[in-house]
Amino acid sequence: MTSIRSAVLRREGCTAPFADSRPLELQALELAAPMPGELQVRIDAAGLCHSDLSVVNGDRPRPLPMALGHEATGIVEVLGDPADTGFAVGDRVVLVFLPACGECARCAAGEGYLCEPATAANGRGDLLRGGSRLCAHDGPVRHHLGVSAFSSHVVVDRRSAVRIDADIPPQIAALFGCAVLTGVGAVMNSAAVRPGESVVIYGLGGVGLAALLGAVASGANPIVAIDPSAEKRALALELGASVAADPGEADAALAAALPGGADVVIETVGKAAVLERAYATGRRGARIVTVGLPNPAEMFSIPAVSLVAGGKTLIGSYMGSSIPARDIPRYIGLWRAGRLPVDRLLTSVSRLDAINGLLDELAAGRAVRQVVIP
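Residues numbered from 1 in each chain as written. Predicted model: local features only at pLDDT ≥ 70, side-chain atom pairs only at ≥ 80, totals over all residues. Heavy atoms only, no water.

J.: Looking at this model, I keep getting lost on a nonpolar patch on the surface. Mind explaining?
T.: A surface patch of nonpolar side chains, amounting to about 340 Å² of accessible area, comprises Phe300, Leu307, Val308 and Leu314. Tracing the chain through its elements places Leu314 in strand β16 (residues 313–316). Judged by relative accessible area, which is 34%, Leu314 ranks as partly exposed. (Patch = residues over 30% accessible without salt bridge, like charges linked within 9 Å, V, L, I, M, F, W, Y side chains within 5 Å. Areas by Shrake-Rupley, 256 points an atom, 1.4 Å probe, with all protein chains shown as cover. Salt bridge = Lys/Arg side-chain N within 4 Å of Asp/Glu carboxyl O. Helix = DSSP H or I, 4+ residues; strand = E, 2+ residues; numbered from the N terminus. Buried < 20%, exposed > 50% of the residue type's maximum accessible area, 1.4 Å probe, protein only.)

This is the structure we're talking about:
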């Protein structure tokens, strides 16, 4: 057992300001040694994502208590199997929130991002090989998406880790595990955007702005970005958007920039009403990709005939339809080449002790990607 420190959620539905309600408690936990096929990793940096906030506020119910966090980078400290030739002690890795078992029907079809055993384990708060490696004084603590990154150390399945070069700054490397993987992947994998295609992006959080970076790198034109935050719209223009509009002015902006509708629409907000608007924004034959995670009670409604009569395609994109071992090195290569300026997504770097106040910044839409250092 290793003594660690983690940010643990013990109750759902906490309300803002989170700096006062303090839903995440920094607690001392015991971390069991990794089993064969697992790794113990020292966390160097972890990003705060809206998916974390969705667990805190109850939009994404999870078994509790749970150690939160799922976007991170760190250093391998212990191999569960000393004969594991894929990793070595001292390797820098990016952690991803869905390990692919490699054996289920979806993995066999090349769709590891839909891995059935991994999805079931994540829903239970278990690691892929079963059970939890975390324990508090009063019993087990569940894992968040197989990672629990808001911790000093974690045990993860080896398939939750992708080895990367050691020279990448931790606060940048962490972002490749979710924001970049999901946003860029939605553009390059799920939508397969081609040069010269028009793209509209709803929502300019970490995933939305990463999608914008992916659209620019893919040669899309024009690109219209929609978000209520003036600061995020300004950043979108700096990053290559052709037009950036407030939602209240979006209809006029879209009519001027794309009178026939967009070839591709990416929805990252996680609200059914926004998805309906995104669907309507697409032209005939458009591809509409949604990566947002609405509350499970929300229902989505469209004219059924439009799917056939308009020839539209509605695509759900989980983890950007990415294969992490393939795509993280590819996206890092684009970053090194200056074509994917991921560092522009970084809002702040703070100590883990500030986590509850950072949730307020995220909930208020004032942050793109905040990183915590355990």
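J.: Looking at this model, I keep getting lost on helix α9 (residues 250–257). Mind explaining?
T.: Three or four residues apart is the spacing at which side chains of an α-helix point the same way, because the helix has 3.6 residues per turn. Burial in α9 covers these residues: Ala250, Ala253 and Leu254. The arc enclosing the buried residues of α9, seen along the axis, measures out at 95°, which places them on a common side. Facing away from the buried side of α9, by more than 90 degrees, are the exposed residues Asp251, Ala252 and Ala256. (Arc of directions from axis to C-beta.)

J.: What should I look at first to understand the nonpolar core in this one?
T.: A general feature of soluble globular proteins is that nonpolar side chains tend to end up buried together. Ranked by internal contacts, the top residues of the largest apolar core, which has 65 residues, are Phe176, Leu209, Ile266, Ile328, Tyr331, Leu340 and Val342. No other element matches the 8 residues that helix α7 (residues 206–217) contributes to this core. Residue contacts for Phe176: discarding those within four places in its chain leaves Val94, Leu181, Ile328, Tyr331, Ile332, Trp335 and Val342. Counting 33 residues, the second largest nonpolar core, distinct from the first, contains Phe18, Ala46, Val154 and Leu362. (Core = buried A, V, L, I, M, F, W, Y, C linked by side-chain atoms within 4.5 Å. Contact = heavy atoms within 4.5 Å.)

J.: Where do I start with the side chain of Ser148 in this structure?
T.: Structurally, the position occupied by Ser148 is in the loop between β8 (139–143) and β9 (153–157). Residue Ser148 is classed as buried on the basis of its relative accessible area of 1%.

J.: So what exactly am I meant to see when it comes to the sheet that holds β16 here?
T.: Each strand in a sheet pairs with another by means of backbone hydrogen bonds, the pair being arranged parallel or else antiparallel. If you walk across this open sheet you meet the 6 strands as β13-β12-β11-β14-β15-β16, and the pairing is parallel. If you trace the sheet from one side to the other, it starts and ends with β13 (243–245) and β16, each paired once. Each neighbouring strand pair of the sheet contributes to a mean axis angle of 15°, computed without reference to strand direction. Two elements, strand β11 (residues 199–202) and strand β12 (residues 223–226), share 4 bridges in a ladder whose sense is parallel. Each bridged residue has a counterpart across the sheet, and for Val199 the counterpart in β12 is Ile223. (Pairing = 2+ DSSP bridges. Axes fitted to C-alpha atoms, helices over the stretch in contact; angles between N-to-C directions.)

J.: Explain the sheet that holds β8 here, please?
T.: The strand order β1-β2-β7-β8-β4 describes a closed barrel built from 5 strands, whose pairing is mixed. Pairing geometry for strand β7 (residues 134–136) and β8, over 3 bridges, is antiparallel. Bridging across to β8, Cys135 finds its partner in Pro140.

J.: What should I look at first to understand the packing of aromatic side chains in this one?
T.: To describe a pair of aromatic rings, one takes the distance between the centres and the angle between the planes. Taken as a whole and assessed by the stated rule, the structure comprises 2 aromatic pairs. Measuring from ring centre to ring centre gives 5.6 Å for Phe97 and Tyr318, while their planes differ by 90°; the resulting arrangement is edge-to-face. With Phe97 in the loop between β6 (92–95) and α3 (105–108) and Tyr318 in the loop between β16 and α12 (324–336), this residue pair connects regions lying 221 residues apart in the sequence. Note on Phe97: relative accessible area 4%, which makes it buried. A relative accessible area of 29% means that Tyr318 is categorised as partly exposed. Considering the side-chain rings of Phe176 and Trp335, the 6.4 Å spacing of their centres and the 75° angle between planes classify their relative orientation as edge-to-face. In this pair, Phe176 is assigned in the loop between α5 (170–173) and α6 (179–190) and Trp335 in helix α12, connecting sequence segments 159 residues apart. With relative accessibility at 18%, the residue Trp335 sits in the buried group. (Phe/Tyr/Trp six-rings, centres within 6.5 Å; stacked < 30°, edge-to-face > 60°.)

J.: Would you take a moment to explain the pattern of salt bridges for this structure?
T.: Two side chains bearing opposite charge may form a pair once their charged atoms approach each other closely. This structure, assessed with the given rule, holds 25 salt bridges. Where Arg163 meets Asp91, a salt bridge forms, and the shortest distance between an N and an O atom there is 3.5 Å. Residue Arg163 is found in strand β10 (residues 161–164), and its partner Asp91 is found in the loop between β5 (71–79) and β6; the two are separated by 72 residues along the sequence. Because the salt bridges share partners, they merge into one network encompassing Arg42, Asp44 and Arg92.

J.: Looking at this structure, I do not really get the environment of Ala108. What am I missing?
T.: With respect to the element layout, Ala108 can be found in helix α3. Look at Ala108 and you get exposed, because its relative accessible area is 66%. Considered as a pair, Ala108 and Pro329 are 221 residues apart in the sequence and their alpha carbons are 22 Å apart.

J.: Just to check I follow, could you spell out the state of the cysteines for this structure?
T.: Formally, a disulfide is one covalent bond, and it connects the sulfur atom of one cysteine to the sulfur atom of another. Under the definition given, this model contains 0 disulfides. Note on Cys14: no disulfide assigned, nearest cysteine sulfur contributed by Cys49 at a separation of 18 Å. Residue class for Cys14 comes out buried when judged on its relative accessible area of 9%. (Disulfide = S-S within 2.5 Å.)

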